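Fold and contact review
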Amino acid sequence: MLTIRLDSVPSTNRYCEALDLQQVDDFTCYWALEQTAGIGQRGNSWVSAAGENLTFSLVLHPTFLPAAEQFRLTQALSLAATDWMEGLAVTGAVVKWPNDIYCDGGKVCGMLVSNRLAGDVIGTAICGIGVNVNQLTFPQWVPHPTSLALLTGRRYTLEPLLRRLLQSIATRYDELRSGKELETEYLSRLMNMGRPARYRHDGHELTATITGVDRHGRLLLTTDDGVQLCCAMKEIELILE
C-alpha cells in the first residue's frame, strides 16, 4: 500500500489517467492536498477547500473481477466508506445509489470509479474518492453538503484519517478478491431501500420503492402504480428536499 502526496492537481483521477498504469502497483493512492477541478458522478464538479478535506484516487488492478461484475467493486468501496465512518463513531451513514455516502441528510463522501477492461476482466480501476472532512461552509449551489466536522463538531488530522480509510478499503477489497458476497450488506445500507420516495424519471416525477440493484449496478424500483423500473446512471434521480 503506497500513498503518494500531491500538493495541487486539477483532478486526481485525471492525474492517474495520464500515467502508465501498468507500471503502477496495485493499491497505490494518489492524495492531493488541493484539487482545483475535481470531477464527480453525472459530470458534476467536486468542490473541496484546499487542505480541509480528503481528495484522492486509488489505483487498483482487480484482474480477479470479471468485467460483467464490475459493480461489485462499487459495492466494496461503498461498504468500506460506511465501515470507516462507523469506526469514527459517525452513525447513520447510508449509501445513496450508486456510491455517494450521506449522513443526516447531507453528502459527506462521493466516488467516481473508472474501469479499464483487459479482455473479460477489469485490468485497472481508478477510484476517485472525495470526503468532506473539516470544511464548514460550501457554495450555495452545492446540493446537500455536510462534513465530518459538521456532523461531529470536531476537526481531524487528514493523514491518519486517510490511512484508516485506506485500511477499510483494503479489508473490503480482500473480501472482494476472496469471492465474498457483498450485495446483502450493500442493500442493507442503501438509502430508501424498501421505502417509497420521490424520483425524477424520463422527465416526470413519480413515487417508487427500491427493490434491489441488478448485477450491472442498475437500480430496480417499483412505482406506486406497480410499474417495474430498471434504471442506469442518469436515467433516474432521487428528489431530495
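All of these numbers come straight from a predicted model, not from anything done at the bench. (Residues numbered from 1 in each chain as written. Predicted model: local features only at pLDDT ≥ 70, side-chain atom pairs only at ≥ 80, totals over all residues. Heavy atoms only, no water.)

The next point concerns the pairing of strand 10 (residues 196–201). Here strand 10 shows a buried face lined by Ala197, Tyr199 and His201 and an unburied face lined by Pro196, Arg198 and Arg200. Both strand 10 and strand 11 (residues 204–213) contribute to a ladder of six bridges, which runs antiparallel. Opposite arginine 198, over in strand 11, you have threonine 207 as the bridge partner. Adjacent in sequence and paired antiparallel, strand 10 and strand 11 are bridged by two residues, among which aspartate 202 carries a positive phi angle near 55°. Bridge analysis of strand 10 against strand 14 (residues 236–238) gives three bridges, and the strand direction is antiparallel. Its bridge partner being in strand 14, histidine 201 is matched across the sheet by isoleucine 236. (Buried < 20%, exposed > 50% of the residue type's maximum accessible area, 1.4 Å probe, protein only. Helix = DSSP H or I, 4+ residues; strand = E, 2+ residues; numbered from the N terminus. Pairing = 2+ DSSP bridges.)

With that out of the way, let us pick up helix 2 (residues 71–87). Its 17 residues place the ends of helix 2 24 Å apart at the C-alpha level, agreeing with the 24 Å of an ideal helix rising 1.5 Å per residue. Of all the 17 residues making up helix 2, 13 are buried; the element is thus mostly covered by neighbouring parts of the structure. Within two residues after helix 2, alanine 89 carries a phi angle of roughly 65°, on the positive side. (Expected span 1.5 Å × (residues − 1).)

This part takes up the sheet that holds strand 12 (residues 219–223). The antiparallel open sheet is built from five strands, whose spatial order is 13-12-11-10-14. One side of each edge strand has no neighbouring strand; the edge strands of this open sheet are strand 13 (228–231) and strand 14. The sheet shows a mean angle of 45° between the axes of neighbouring strands, taken without regard to direction. (Axes fitted to C-alpha atoms, helices over the stretch in contact; angles between N-to-C directions.)

Right, let's get into the environment of threonine 171. Locating threonine 171 in the fold gives a position in helix 4 (residues 158–178). Along the chain, threonine 171 and alanine 80 lie 91 residues apart, while their C-alpha atoms are 7.7 Å from each other.

Moving on to the sheet that holds strand 9 (residues 121–131). In a beta sheet, neighbouring strands pair by backbone hydrogen bonds and run either parallel or antiparallel. Read from one edge to the other, the open sheet built from seven strands follows the order 1-2-5-9-8-7-6, with strand pairing classed as mixed. Edge positions in the open sheet fall to strand 1 (2–9) and strand 6 (94–96), since each of these has one partner strand only. Neighbour to neighbour, the strand axes of the sheet diverge by 25° on average, direction disregarded. Across 10 bridges, strand 8 (residues 106–118) lies against strand 9 in antiparallel orientation. Residue pairing for strand 9: cysteine 109 is matched across the bridge by valine 131. Together, strand 5 (54–60), strand 6, strand 7 (100–103), strand 8 and strand 9 form the strand contacts of helix 2, whose direction differs from that of strand 8 by roughly 150°. (Contact = heavy atoms within 4.5 Å.)

A separate point is unusual backbone geometry. The step from tryptophan 97 to proline 98 runs through a cis peptide bond, and the omega angle for that step is 5°. Mapped onto the secondary structure, proline 98 falls in the loop between strand 6 and strand 7. Even without being a glycine, alanine 89 presents a positive backbone phi close to 65°. Backbone geometry at histidine 144 places phi at a positive 55°, although glycine is not the residue there. Residue placement: histidine 144 occurs in the loop between strand 9 and helix 3 (148–152).

In short, the description is geometric, and any link to function would need to be established separately.
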